[in-house]
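Observations on the three-dimensional arrangement
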Amino acid sequence: MSMLCFQCEQTVKGAGCTVMGACGKKPDAAHEQDVLTAEMISLATVMRDRNKSCEPCVDLIVDGLFTTITNVSFDVSTLGLLSGEIRAKREGVGGEEVIKPSELFRGDVDVVSLRSTLLFGLRGMAAYAHHARVLGKRDVQMDAWFIKGMAALGEEHSVDEWLGLLMEFGGVNLRCMEILDEANTGAYGNPVPTEVSMLVEKGAFIVVTGHDLRDLKMLLEQTDGKGVNVYTHSEMLPAHGYPELKKYTHLKGHYGTAWQNQQREFDGLPAPVLWTTNCLMPPRESYSDRVYTTSVVRYPDMKHIEADVDGHKDFSGIIGHAIRLGGFAEDRQFTGINGGTSVTTGFGRQTVLDNAPAIIDAVKGGAIKHFFLVGGCDGAKPGRSYYTDFVKQTPKDTVVLTLACGKFRFNDLDIGEIGGFPRILDMGQCSDAYGAIQVAVQLAGAFDCDVNELPLTLVLSWYEQKAVCILLTLLSLGIKDIYIGPSLPLFLSPNVLGVLVEKFGLTPISTPEADLEKMLG
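**A few points about the pattern of salt bridges**
Per the counting criterion, the structure on display carries 26 salt bridges. One salt bridge connects Asp143 with Arg138, and the closest N-O pair in it is separated by 3.0 Å. When its relative accessible area of 13% is taken as the criterion, Asp143 is described as buried. According to the relative accessible area criterion, Arg138 is partly exposed, its value standing at 30%. When salt bridges that share partners are traced, they join Glu55, Asp59, Asp63, Arg133, Arg138 and Asp143 into one network.

**Comments concerning unusual backbone geometry**
For the bond running from Gly485 to Pro486, omega is 0°, close enough to zero to count as cis. Tracing the chain through its elements places Pro486 in the loop between strand 17 (483-485) and helix 16 (494-504). Although it is not a glycine, Lys13 sits at a positive phi angle of roughly 55°. By secondary structure assignment, the location of Lys13 is in the segment before helix 1 (27-49). By relative accessible area, which is 83% here, Lys13 ends up exposed. The phi torsion at Asn71 lies on the positive side, around 65°, for a residue other than glycine. Secondary-structure assignment places Asn71 in the loop between helix 2 (55-67) and helix 3 (76-92).

**Describing the environment of Pro193**
Relative to the assigned elements, Pro193 resides in the loop between helix 6 (159-188) and strand 1 (194-197). A relative accessible area of 40% means that Pro193 is categorised as partly exposed. Taking C-alpha positions, Pro193 is 16 Å from Lys252, a pair spaced 59 residues apart along the chain. Non-local contacts of Pro193, meaning those with residues more than four positions away in its chain, are made with Thr345, Gly346, Phe347 and Thr351.

**Quick notes on the nonpolar core**
Among the nonpolar cores identified, the biggest contains 123 residues, and Leu65, Leu118, Leu122, Phe146, Met150 and Ile482 are the most heavily contacted of them. Examining the composition of this core, we find that 13 residues originate from one element, helix 4 (residues 109-134), more than from any other. Not counting the four nearest positions on each side in its chain, Met150 is found in contact with Thr37, Met40, Ile41, Ala44, Ile61, Leu65, Leu119, Leu122 and Trp145. Residues Met218, Leu220, Leu251 and Ile319 belong to the second largest nonpolar core, which totals 24 residues.

**Quick word on the pairing of strand 11 (residues 370-376)**
Burial analysis of strand 11 places seven of its seven residues in the buried class, which makes it a mostly covered element. Residues of strand 11 alternate between two faces, with His370, Phe372, Val374 and Gly376 on one and Phe371, Leu373 and Gly375 on the opposite face, all of them buried. With four bridges connecting them, strand 11 and strand 12 (residues 398-402) associate as parallel partners. When the sheet's bridge partners are listed, His370 is paired in strand 12 with Thr398. The β-α-β motif built from strand 11, the intervening helix 13 (residues 385-393) and the parallel element strand 12 has right-handed crossover chirality. In this structure, strand 11 lies alongside strand 16 (residues 456-461), joined through six bridges in parallel fashion. Bridge pairing in strand 16 places Gly375 opposite Leu460.

**A few points about helix 5 (residues 140-152)**
With 13 residues, helix 5 ought to run about 18 Å at 1.5 Å a step, and its terminal C-alpha atoms sit 18 Å apart, in line with that. Within the span of helix 5, buried status applies to Met142, Asp143, Trp145, Phe146, Ile147, Gly149, Met150, Ala151 and Ala152. Next to the buried residues of helix 5 lie helix 1, helix 2, helix 4 and helix 6. The opening residue of helix 5, the one whose side-chain oxygen lies 3.0 Å from the backbone nitrogen of Gln141, is Asp139.

**A short note on the pairing of strand 4 (residues 229-232)**
Here strand 4 shows no split at all, with Asn229 and Tyr231 on one side and Val230 and Thr232 on the other all buried. Bridge analysis of strand 3 (residues 205-209) against strand 4 gives four bridges, and the strand direction is parallel. The residue bridging Ile206 from the neighbouring strand is Val230, located in strand 4. Here three bridges tie strand 4 to strand 5 (residues 251-254), and the two strands are oriented parallel to one another. Bridge pairing links Thr232 to His254 in strand 5.

Conventions used here
Residues numbered from 1 in each chain as written. Predicted model: local features only at pLDDT ≥ 70, side-chain atom pairs only at ≥ 80, totals over all residues. Heavy atoms only, no water. Salt bridge = Lys/Arg side-chain N within 4 Å of Asp/Glu carboxyl O. Buried < 20%, exposed > 50% of the residue type's maximum accessible area, 1.4 Å probe, protein only. Helix = DSSP H or I, 4+ residues; strand = E, 2+ residues; numbered from the N terminus. Contact = heavy atoms within 4.5 Å. Core = buried A, V, L, I, M, F, W, Y, C linked by side-chain atoms within 4.5 Å. Pairing = 2+ DSSP bridges. Right-handed = clockwise from strand over helix to strand, strands pointing away. Expected span 1.5 Å × (residues − 1). Polar contact = N/O pair within 3.5 Å; in protein donor to acceptor, adjacent residues only side chain to side chain.

Such coordinate-based values are descriptive only and should not be taken to indicate function.
Put into structure tokens, the structure is as follows:
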């Protein structure tokens with residue numbers, strides 16, 4: 001095999017990528033990511049064993065983990081530089097190599113499964129920790145767990161010990177998402193319901209994709225008054241609900257759908273695109289000259305915008321590029337996957353909780369019979385239409401909560417209202433699963449019942465490692481009978497999957513009709 005990667009849902013033939021990644025990652029980049037992972041394990045081990053406290057070391061590990069998430073970095077040279085920096089830190093305190101890159105995904109199938117699940121969860125949590133950190137938020141417990149978790153990957157454990165680590169990790173990731181929630185709402189206010197147009201006005205514009213709201217805020221500040229409009233793409237859609245972002249009148253609307261459609265949606269686009277975090281696909285030649293990356297996102301020979309020592313970024317290059325391209329000569333109306341010309345977002349935790357009394361009354365009075373949380377990652381592999389069909393078939397007396405980019409399968413549908421609210425409530429990005437959890441917990445308190453006794457079913461789609469860390473958080477909270485698809489993670493061995501099915505009722509999706517009958521039966 002030239003490489004081995006099975007961390008995402010879209011592996012080649014569902015059997016792992018062994019020649020080239022389905023994402024476009026080449027074997028040399030895959031190897032460098034394995035080298036980087038092994039170096040992080042070794043650094044974490046020496047830090048733990050010597051009880052060393054080192055925030056810059058933790059930051060390197062967080063950035064390294066984030067860098068190895070699917071569709072983040074394809075650049076061999078920067079991967080090598082980061083590995084070298086981490087190796088120098090480790091050697092500087094006398095640490096030794098703990099695990100070889102070739103040993104990460106080889107050995108007993110169940111051990112590899114459990115180790116991989118923890119590693120991929122840590123990669124997902126690193127993305128959230130990174131976003132919180134750029135807004136000045138971090139947590140001692142979270143920092144310590146990056147060291148504990150990474151060091152654990154280089155050791156042998158019993159199955160029960162691995163499972164204990166996974167459940168403990170899930171609790172720490174909940175805290176990480178809470179910190180990011182505090183960071184975002186502290187900086188930009190609580191999201192409010194907002195209808196977002198998919199019309200792109202004539203004139204110069206920039207498209208921003210990814211997840212990092214701070215990058216968007218800096219770009220909005222620097223484009224203010226320059227005649228350059230800004231449009232969100234994919235996971236940036238929830239930005240329109242934040243008061244401190246939506247106050248910029250040149251934040252005009254949303255362009256396109258989820259990440260996997262970017263090669264088609266950006267083809268011939270007369271505007272540059274800024275990638276703030278993961279979900280970068282190998283750019284086509286027709287628009288590669290308009291790709292700008294920042295933070296940990298890298299692609300060979302693409303223009304990269306670095307932050308200075310204070311975290312400030314100079315976006316003058318991409319702004320000038322937008323002005324030169326000029327945008328569309330006339331307004332262009334675009335649509336979602338189902339033909340809708342607008343989408344609604346901003347139903348964050350606080351908005352839902354502010355309306356909790358009315359929601360509770362609606363449940364008690366029979367107006368709302370069931371809640372579905374249909375969310376997670378989108379992807380290109382067949383089977384994703386399940387989520388569109390599922391939402392279309394939900395009864396009119398049910399509510400669909402959603403978050404992350406999986407919502408683009410159905411968020412432009414009009415399936416009616418309940419109590420003055422649309423039946424589809426977009427709660428935000430994947431990290432906003434924290435808000436959905438808090439809503440469930442508080443509703444359970446209001447009904448004096450366990451969360452698992454609520455008329456609530458979770459129907460999740462997964463693609464990459466942030467979905468893994470969210471799933472582990474849900475399991476650590478004891479939430480059961482979660483439906484997951486479109487396929488089960490390849491890194492879950494039959495024995496490990498059997499444990500999750502037996503203990504938590506984890507259920508693969510089948511058909512919308514059959515699943516709805518079970519959920520509502």
